[in-house]
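# Residue-level structure breakdown
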Amino acid sequence: MTATLTPSRASNSLTAGQLPRWATPAIAAAAVVVGVLATVLLGSFNPGLAAFFAFVLHQVAIYVASASIEGLRKAADRLMQGFVVGAFLLALIPLLWVAISTLLAGLNRFDGQFFTWSMRNIVGEGGGAIHAIYGTLAITGVATLISVPIGLLTAIYLSEYGQGKALARGITFFVDVMTGVPSIVAGLFAYALMGLVFRPGFVSGFAGSIALSVLMIPVVVRSCEELLRIVPNELREASYALGVPKWRTILKIVLPTAISGIVSGVILAIARIIGETAPLMIASGFTQSINNNFFQGPMMTLPTFVYGQYAYRSVPQEAYVDRAWAGALTLILIVMTLNLVGRIIAKRFAPKAGR
């Protein structure tokens with residue numbers, strides 16, 4: 001005798017008790033429309049108020065729809081998912097706002113003259129920021145050359161040699177303290193150091209690199225230390241079992257395994273210092289032309305260039321503001337380029353996964 005399915009069971013599908021895939025985007029679109037209409041009816045369109053209304057309506061609608069079809073447990077999950085997505089979009093708004101505003105305003109002076117001229121003997125319109133671009137690349141590059149070896153070697157000691165030792169605990173404490181040091185303190189330190197070594201009032205590109213190194217070293221130490229600690233101990237033990245000394249294990253096993261994260265940490269540290277203004281105003285000073293002597297005389301950077309153009313505007317003021325926005329856009333593009341180069345390097349030298 002063959003058993004037959006009841007009509008109710010035969011009509012059930014694998015998707016029974018679930019919202020269709022189009023339900024979530026449809027509810028979101030409807031909530032946006034209702035939110036916009038609500039603000040229009042209140043008097044005038046307000047993007048922030050419309051987004052708030054749309055979010056509240058979406059959360060209520062998705063919870064009610066999911067609770068009636070999928071149950072309370074799934075409804076609570078969808079509700080929390082909506083809060084997470086909403087928080088992400090809220091955090092994304094300032095980033096997009098800054099990027100779009102800088103792009104639109106900076107394109108007014110994003111021309112060939114801006115990248116080939118300095119501000120020497122320029123009053124009013126015209127001029128460029130080649131001296132500031134050169135200074136930014138030089139000072140940041142030297143600061144990186146100073147900070148990366150010191151920070152990486154310190155991280156290697158903390159993760160590989162200094163576990164449980166008083167010296168390692170002391171270094172960790174001071175690194176944490178340096179992480180929270182205001183940037184202007186680093187500038188005052190470099191200025192005072194150059195005054196003791198050379199003469200009072202001495203400013204140069206090298207002094208700016210020293211100031212940025214004070215800010216960069218703790219970031220490199222903390223990021224590299226954490227990345228070295230997450231390298232599996234099994235890799236170290238396998239190397240020791242083959243008779244490989246510890247220094248060679250670190251050089252050939254630990255560092256190549258963590259190289260991708262180390263490069264990312266270094267790029268993060270560079271992005272941390274490349275936009276600093278206060279320490280460079282003190283240690284490197286201001287100039288309107290290219291300074292080819294890295295160890296003598298003031299050297300301009302893009303952050304100080306942007307500050308100077310906006311703070312000390314003359315006639316016509318629009319020319320100074322346009323140069324400031326173009327300098328900010330150039331700085332953002334430099335950071336983006338460094339991130340892309342860092343990702344390419346990390347991918348190139350990252351250990352290949354075995355089969």
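Since we're looking at a predicted model, the values are computed, not measured.

### Focus on the overall build of the protein
Check the secondary structure of the protein and you find 13 helices and 0 strands. N-terminal to C-terminal, the α/β element order of the protein is α-α-α-α-α-α-α-α-α-α-α-α-α. Here the C-alpha atoms of the protein give a radius of gyration of 28 Å, more than 25% beyond the 20 Å that 2.2 N^0.38 yields for 355 residues. Projecting the C-alpha coordinates of the protein onto the three principal axes gives extents of approximately 100 × 70 × 35 Å. With 355 residues in all, the protein has 36% of them scored as buried. Considering only contacts within the protein whose residues lie at least 6 apart along the sequence, 71% involve residues at least 24 apart. With 24 positive and 13 negative side-chain charges, the protein shows a separation of 8 Å between the mean positions of the two kinds.

### Details of the confidence of the model for the protein
For the protein, the average pLDDT comes to 87, and 94% of its residues sit at 70 or higher. The secondary-structure element of the protein with the lowest mean pLDDT is helix H1 (residues 7-11), recorded at 43, while helix H5 (residues 130-161) shows the highest, at 94. Residue range residues 1-14 is modelled with pLDDT below 50. Its contacts to residues more than four positions away, or to other chains, number 1 contact.

### Considerations on helix H2 (residues 23-42)
Given a rise of 1.5 Å per residue, 20 residues ought to cover 28 Å, and the 28 Å separating the end C-alpha atoms of H2 matches this to within 8%. Along H2, the residues classified as buried are Ala23, Ile27, Ala31, Gly35 and Thr39. Buried residues of H2 fall within an arc of 125° about the axis and therefore sit on the same side. For H2, the exposed residues set more than 90 degrees away from the buried face come down to Pro25 and Leu41. Check the buried side of H2 and you find it contacts helix H3 (47-69). Just downstream of H2 lies Gly43, where phi reads positive at about 145°.

### Description of a nonpolar patch on the surface
A contiguous nonpolar patch, built from Leu42, Leu49, Phe52, Val56, Val60, Tyr63, Val64 and Leu72 and spanning about 750 Å² of accessible area, is present on the exposed surface. For the nonpolar patch, the element with the highest residue contribution is H3, accounting for 6 residues. Structurally, Val64 is set in helix H3.

### Examining the nonpolar core
In this structure, Ile139, Leu212, Met216, Leu228, Leu255, Ile262 and Ile273 are the most contacted members of the largest nonpolar core, which totals 29 residues. Elements represented by at least two residues in this core include exactly H5, helix H8 (205-229) and helix H10 (246-273). Aside from chain neighbours lying at most four places away, what touches Leu255 is Leu152, Ile156, Leu228, Ile250 and Ile262. Core analysis: the next-biggest nonpolar cluster, separate from the first, contains 13 residues, Ile122, Ala132, Ala326 and Leu331 among them.

### Thoughts on the pattern of salt bridges
A complete count under the given rule lists 9 salt bridges for this structure. Arg78 is the salt-bridge partner of Glu70, the closest N and O atoms lying 2.8 Å from each other. Each member of the pair Glu70 and Arg78 is classed as buried. Note that Glu225 and Arg229 form a salt bridge whose closest N and O atoms lie 2.8 Å from each other. Of the two residues, Glu225 and Arg229 are both situated in helix H8; the distance of 4 residues between them amounts to about one turn of the helix. Assessed through its relative accessible area of 4%, Glu225 is described here as buried. Judged by relative accessible area, Arg229 falls into the partly exposed class, the value being 38%. Here the salt bridges do not stand alone but share partners, grouping Asp176, Arg222, Glu225, Glu226 and Arg229 into one network.

Rules of the game
- Think of each chain on its own: its residues are numbered from 1, step by step along the sequence as written.
- The predicted origin of the model limits local features to residues at a pLDDT of at least 70 and limits the giving and counting of side-chain atom pairs to 80 or more, whereas totals for whole chains, interfaces and linings rest on all residues.
- As a convention, hydrogens and water are excluded, and side-chain values are obtained from all of the structure's heavy atoms.
- Only runs of H or I of at least four residues qualify as helices and only runs of E of at least two qualify as strands under DSSP, and these elements are numbered from the N terminus.
- Put simply, the radius of gyration uses C-alpha atoms, and a globule should come to 2.2 Å times the residue count raised to 0.38.
- Relative accessibility under 20% of the residue-type maximum defines a buried residue, over 50% an exposed one, and the middle range a partly exposed one, all with a 1.4 Å probe and only protein chains included.
- The contact definition used throughout considers only heavy atoms, calling two residues in contact when any of these lie within 4.5 Å.
- Positive charge is attributed to Lys and Arg, negative charge to Asp and Glu, and no charge count is given to His or to the chain ends.
- Charge coordinates come from a single atom per side chain, which is NZ of Lys, CZ of Arg, CG of Asp or CD of Glu.
- pLDDT measures the predictor's confidence residue by residue and takes values from 0 up to 100.
- Expected span, for any helix, means 1.5 Å times one less than how many residues it has.
- Each direction from the helix axis to a C-beta atom contributes to the arc, which is the arc of those directions.
- Grouping into patches uses exposed residues only, defined as over 30% relative accessible area, and leaves out salt-bridged ones; the cut-off is 9 Å for like charges and 5 Å for nonpolar side chains (Val, Leu, Ile, Met, Phe, Trp, Tyr).
- A 1.4 Å probe and the Shrake-Rupley method give the accessible areas. Residues count as covered only by the protein chains that appear here.
- A carboxyl oxygen of Asp or Glu within 4 Å of a side-chain nitrogen of Lys or Arg is what we treat as a salt bridge.
- Side-chain atoms within 4.5 Å are what join buried Ala, Val, Leu, Ile, Met, Phe, Trp, Tyr and Cys residues into a set we call a nonpolar core.

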